[in-house]
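# A structural walkthrough
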Amino acid sequence: MISIKGLSKVFTFNNKKLTAVDNLTLDIKEGEIFGVIGYSGAGKSTFIRLLNRLEEPTQGDILIDKQEITTLSANQLRLARQDIGMIFQHFNLLWSRTVKDNIAFPLEIAGIPKAKREERVQELIDLVGLTGRENAYPSQLSGGQKQRVGIARALANNPKVLLCDEATSALDPETTNAILDLLVDINKKLGLTIILITHEMHVIRKICHQVAVMEQGKMVEQGNVLEVFSNPIAQVTKKFVAQVMGTADEGEDIKSLQEMYTDGKLIHLHFVGESTNQTLISQIAKKFPIDINILQGKITQTQAGGYGTLFVQMIGEEEEINKAVVFIRDETSAEVEVIENVN
Amino acid sequence: MLTDLFPNIDPQDLLEATQETLYMTILSLLGVVIFGLLLGLLLYLTNKNGIWENKYLYLIISAFVNIFRAIPFIILILLLFPFTEILVGTIRGPNAALPALILGSAPFYARLVEIALIEVDKGVVEAAKSMGAKTRTIIFKVLLPESMPALVSGITVTSIALIGYTAMAGVIGAGGLGNHAHYYGFMRRDFDVVFLCTILIVIIVFIFQFIGDFISKKIDKR
């Protein structure tokens with residue numbers, strides 16, 4: 001759907017060159033939610049603005065739906081942009097227009113006749129859940145409602161791609177989740193390809209299929225969300241994963257767990273994908289004559305299934321505990337590690 | 001009682017003078033708004049990072065605006081006498097004041113327009129671009145509506161300055177309340193006439209201010 005090759009953007013000011021986006025190459029499949037995460041200044045905002053040429057690329061090719069974006073004339077680009085929706089961190093609604101008229105704006109630009117416009121606007125208002133607020137002005141809406149208008153506006157011309165520039169960064173956590181749910185909803189309903197940039201791992205975790213981690217203009221890591229979560233390689237990725245998993249101080253935790261629970265064995269379970277949905281703990285408790293004490297852990301849901309770690313204490317005959325460990329290792333998709341007692 | 005307070009007033013003359021003042025103000029205001037909007041838009045669009053960014057064009061327009069704002073109005077009228085004579089055919093009467101009034105105030109309003117446009121949220125302009133809007137659409141459907149309250153209060157401020165200018169133009173023969181106060185009041189030492197003309201001008205200013213504020217408030221949905 002989207003194919004990016006060797007994309008670069010170099011800013012020059014005061015004769016100094018700054019490479020904001022550095023030779024990016026990546027492919028995004030149709031219907032995918034592709035997340036780009038990075039700290040501020042990583043170049044992710046420039047990256048997403050290159051895709052519809054709000055920022056002119058210095059080098060590289062951008063192929064969106066078989067159309068080469070970088071070589072389009074100004075006029076062709078205008079038409080191409082009508083097929084690429086975009087939503088913004090600060091919503092960027094026209095305060096002088098009502099909800100209805102804001103959503104109608106891209107339709108006016110596309111030259112849709114009035115009667116058809118009104119019909120489409122009503123559809124969109126229902127889709128994003130703003131029914132009844134048609135005639136309100138943006139100043140009368142909450143942040144979440146404003147972003148809903150932004151989304152409806154971006155979807156008005158039935159785009160194939162939706163670009164989200166930090167779309168939830170100005171919202172509180174609860175509203176963020178509601179907007180993310182809406183994005184997943186339209187992704188499924190309309191088969192829309194979504195590219196979003198964010199600095200919150202929570203957003204990636206919750207809705208993205210694929211993730212790319214950006215640092216200093218480069219993609220340092222890329223892959224499907226579960227892979228990157230379970231096996232982060234770059235330092236910056238580890239930091240982001242720790243943001244949602246809280247695994248940064250795991251070493252400390254293991255030590256204190258060992259000190260506190262000296263009976264039996266300490267087991268570290270690692271869940272990636274489907275296995276989390278299985279009833280692992282209760283199965284073991286039924287199958288083996290041992291007691292299981294859940295000590296600490298966190299399991300979280302991503303678009304591709306659950307992911308997380310769990311520390312448990314197994315108390316009972318050593319032989320039975322070993323059998324249970326072997327069972328987990330061989331029969332389930334969870335990874336298991338016995339933490340040797342240093343005492 | 002009014003005749004006791006203002007013994008030298010000719011109501012018919014005064015009414016005519018008031019009409020002339022309003023005529024000059026409103027007609028020149030129309031010209032000022034058109035030229036001011038045009039110049040202001042050009043200033044905004046040709047400025048750095050503008051849609052039509054053009055350093056030289058910006059400098060030329062900016063210089064024009066600054067020069068005409070720098071010339072004191074009373075001198076501008078005198079300077080424009082030959083031009084006015086060609087354009088209007090006379091240098092006396094309300095119509096003769098119009099070129100100077102417009103040329104003297106349009107640059108002032110142009111700066112107010114430029115400021116109003118700069119205040120428009122860049123993100124909104126960007127959003128319109130991301131939807132594939134033409135420059136014309138951006139001007140008429142984003143920039144102007146989004147800056148409307150500031151544009152209107154700019155018109156209010158400019159119109160009040162214009163009322164002052166018409167009085168000045170009146171002194172050198174353009175008619176209106178300024179003219180009336182000068183010839184029928186000051187020259188004849190009938191200060192009640194001067195005083196009443198002042199009151200009338202103040203009332204006109206108040207009315208313009210009130211209408212301007214009302215509209216500006218009404219259209220502001222922020």
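- Per an unreviewed UniProt entry, chain B is named ABC transporter permease, and its organism is Oceanobacillus bengalensis.
- In the Subcellular location (unreviewed entry) part of its UniProt record, chain B is described as follows: "Cell membrane".

- You'll find chain A entered in an unreviewed UniProt entry as ATP-binding cassette domain-containing protein, with Oceanobacillus bengalensis given as the organism.

### Quick look at the UniProt feature "transmembrane region" (unreviewed entry) in chain B
- Per the UniProt record, "transmembrane region" (unreviewed entry) is annotated on residues 22-45, 57-84, 150-173 and 193-215 of chain B.
- Secondary structure across residues 22-45 of chain B comprises 100% helix and 0% strand; the distance between its end C-alpha atoms is 33 Å.

### Side note on the environment of Leu76(B)
Residues and elements named next belong to chain B.
- By the secondary structure assignment, Leu76 is in helix α4 (residues 73-88).
- By relative accessible area, which is 2% here, Leu76 ends up buried.
- The sequence separation of Leu76 and Leu101 amounts to 25 residues, and the corresponding C-alpha distance is 9.0 Å.
- Residue contacts for Leu76: discarding those within four places in its chain leaves Phe68, Ile71, Ala100, Leu103 and Gly104.

### Focus: the packing of helix α2 (residues 11-46) of chain B against helix α5 (residues 94-118) of chain B
All names here are of chain B.
- Where α2 meets α5, the axes come as close as 6 Å, and the angle between the chain directions of the two elements is 40°. Taken together, the axes of α2 and α5 are oblique relative to one another. For α2 against α5, the interelement crossing comes out right-handed.
- Its residues assigned to classes, the contact of α2 with α5 shows 22 nonpolar, six polar and three charged.

### Considering the sheet that holds strand β11 (residues 265-272) of chain A
Residue and element names in this part refer to chain A.
- Spatially, four strands are ordered β12-β13-β11-β14 in an open sheet, and the strand pairing comes out antiparallel. The open sheet has two edge strands with one neighbour each: β12 (291-302) and β14 (335-339). When strand polarity is set aside, the average angle formed by the axes of neighbouring strands in this sheet is 15°.
- When β11 meets β14, the two strands line up antiparallel, connected through five bridges. Looking across to β14, one finds that His270 is bridged to Glu335.

### Comments concerning the UniProt feature "domain: ABC transporter" (unreviewed entry) in chain A
- According to UniProt, the feature "domain: ABC transporter" (unreviewed entry) maps to residues 2-241 of chain A in the numbering used here.
- When the span residues 2-241 of chain A is considered, its composition is 38% helix and 28% strand, and the gap between its end C-alpha atoms is 26 Å.

### A word on the environment of Tyr58(B)
All names here are of chain B.
- Positionally, Tyr58 belongs in helix α3 (residues 55-70).
- Look at Tyr58 and you get buried, because its relative accessible area is 17%.
- As a C-alpha pair, Tyr58 and Arg111 span 53 residues in sequence and 13 Å in three-dimensional space.

### Side note on the interface of chain A and chain B
- Facing 22 residues of chain A, the contacting portion of chain B comprises 22 residues.
- Of the roughly 2,000 Å² buried between chain A and chain B, counting both surfaces, carbon and sulfur atoms make up 62%.
- Ranking the residues of chain A by area buried against chain B places Arg78(A), Asn92(A) and Trp95(A) at the top, with a combined share of 33%.
- Connecting chain A to chain B are two salt bridges.
- Among the ionic pairs, Glu108(A) bridges to Lys141(B), the shortest N-O distance being 2.6 Å.
- At the junction of chain A and chain B, the tally comes to eight residue pairs in polar contact (both at pLDDT 80 or more).
- Taken together, the elements giving at least two residues each to the side of chain A that touches chain B come down to α2 (74-81), β6 (84-88) and α3 (99-109) of chain A.
- Top element by residues in the side of chain A that touches chain B is α3(A). It accounts for four residues.
- Class assignment for the residues of the side of chain A that touches chain B results in 11 nonpolar, five polar and six charged.

### Points about the confidence of the model for chain B
- Mean pLDDT for chain B: 92, with 99% of residues reaching 70 or above.
- Mean pLDDT values over the elements of chain B span from 71, in helix α1 (residues 2-5) of chain B, up to 96, in helix α7 (residues 135-146) of chain B.

### Quick look at the sheet that holds strand β8 (residues 193-198) of chain A
All names here are of chain A.
- Reading across the sheet, the six strands line up as β6-β7-β8-β3-β9-β10 and stay open at both edges, with mixed pairing between neighbours. The open sheet is flanked by β6 and β10 (218-224), the only strands paired with a single partner. If you compare each strand with its neighbour and ignore which way they point, the axes differ by 15° on average.
- Alignment of strand β9 (residues 210-215) against β10, held across six bridges, turns out to be antiparallel. Paired with Val211 across the strands is Gly223, a residue of β10.
- The strands touched by helix α1 (residues 44-51) are β3 (33-37), β6, β7 (161-165), β8, β9 and β10; relative to β8, the strand with the most contacts, the crossing angle is about 155°.
- Contacting β3, β9 and β10, helix α9 (residues 235-245) crosses the sheet at an angle of about 120° to β9.

### Concerning the confidence of the model for chain A
- Taken residue by residue, chain A gives an average pLDDT of 89. The fraction at 70 or more is 96%.
- In the model of chain A, helix α10 (residues 250-260) of chain A stands out as the element of lowest mean pLDDT, 75, in contrast to α3(A), which has the highest, 96.

About the cut-offs
- Residues numbered from 1 in each chain as written.
- Chains lettered and ligands numbered in written order.
- Predicted model: local features only at pLDDT ≥ 70, side-chain atom pairs only at ≥ 80, totals over all residues.
- Heavy atoms only, no water.
- UniProt positions renumbered as here; feature names shortened; annotations may be inferred.
- Helix = DSSP H or I, 4+ residues; strand = E, 2+ residues; numbered from the N terminus.
- Buried < 20%, exposed > 50% of the residue type's maximum accessible area, 1.4 Å probe, protein only.
- Contact = heavy atoms within 4.5 Å.
- Axes fitted to C-alpha atoms, helices over the stretch in contact; angles between N-to-C directions.
- Parallel < 35°, antiparallel > 145°, perpendicular 65-115°, else oblique.
- Left-handed = near helix turned anticlockwise from the far one by under 90°.
- Nonpolar A, V, L, I, M, F, W, Y, C, P; charged D, E, K, R; others polar.
- Pairing = 2+ DSSP bridges.
- Buried area = accessible area lost by both parts, 1.4 Å probe.
- Salt bridge = Lys/Arg side-chain N within 4 Å of Asp/Glu carboxyl O.
- Polar contact = N/O pair within 3.5 Å; in protein donor to acceptor, adjacent residues only side chain to side chain.
- pLDDT = per-residue confidence, 0-100.

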